[in-house]
Amino acid sequence: NLRLTRSTLEVLPGNEPYLGIQNLQINGRSQPQVSPGETVNLQFDVRNFGSQDATGIQITLDGIQGPARVLTSTTNLPDVAFASSFLYRGQDLQFVVNPQADSGDAIHLSLRWTTATGQSAVSSFTLPVTRAQVEITQIDFGDPSQPFSGGIAPGTTGSVYLTLKNTGSEPITDGLLQ
């Protein structure tokens, strides 16, 4: 019972450092999503999977696609010994999300690392844009103090009461129903 499969296998050099960027955080949040208008500080763990220490490490926000603009794009890290990690929690890798971005838009970014000895690679991430969303969960009308005998008679006016639920991922701080 054999099955032919195809996959990509990355072979690490035996006598060089090789860094992995993992556990991406957005402004200290572990959920990799952003909001319209948000200024984003990228934070992450850098792990040296290679067999040599990594020195002179530079991380660059190498590319960004989607509704965002890069603010700062380069940081230098301390040396990372082989089989060790460094937790980057700086503020040198920043971008801002376009305030007009829609929920469901995506921001694709690439982080390039290089070492003093010339090793280099790119790690790519996709961040969904999320925003507040309103769902009307209940509509009441008429006289709220007499819900069973109230109502709006033909030809008259009355009040409408809406119960709203924020089904999005951001707080609603200001809104207008149209």
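The structure contained in this document is the topic of the report that follows. (Residues numbered from 1 in each chain as written. Predicted model: local features only at pLDDT ≥ 70, side-chain atom pairs only at ≥ 80, totals over all residues. Heavy atoms only, no water.)

### Let's talk about unusual backbone geometry
The general pattern is negative phi for most residues beyond glycine and trans for most peptide bonds. Cut-off, in case you're wondering: Each residue's exposure class comes from its accessible area (1.4 Å probe, protein chains only) as a fraction of the maximum for that residue type: buried when under 20%, exposed when over 50%, partly exposed otherwise. Each helix corresponds to a stretch of at least 4 residues labelled H or I by DSSP, and each strand to a stretch of at least 2 residues labelled E; elements are numbered beginning at the N terminus.
One non-glycine residue, N27, lies in the positive phi region at around 50 degrees. The partly exposed category is assigned to N27, whose relative accessible area is 28%. One non-glycine residue, A83, lies in the positive phi region at around 60 degrees. Inspection of the secondary structure assignment puts A83 in the loop between β4 (68-77) and β5 (85-88). Assessed through its relative accessible area of 46%, A83 is described here as partly exposed.

### Topic: the nonpolar core
Here is the rule: Only buried residues count toward a nonpolar core. Its members are Ala, Val, Leu, Ile, Met, Phe, Trp, Tyr and Cys residues joined through side-chain atoms within 4.5 Å. We call two residues contacting when some pair of their heavy atoms lies within 4.5 Å.
V34, L42, F44, I59, F95 and L111 are the most contacted members of the largest nonpolar core, which totals 29 residues. The set of elements that each furnish at least two residues to this core consists of β1 (19-26), β2 (39-48), β3 (57-65), β6 (93-97), β7 (106-114) and β8 (120-128). What L111 contacts, discounting residues up to four positions off in sequence, is I21, L42, F44, I59, T60, L61, L93, A121, V122, S123 and F125.

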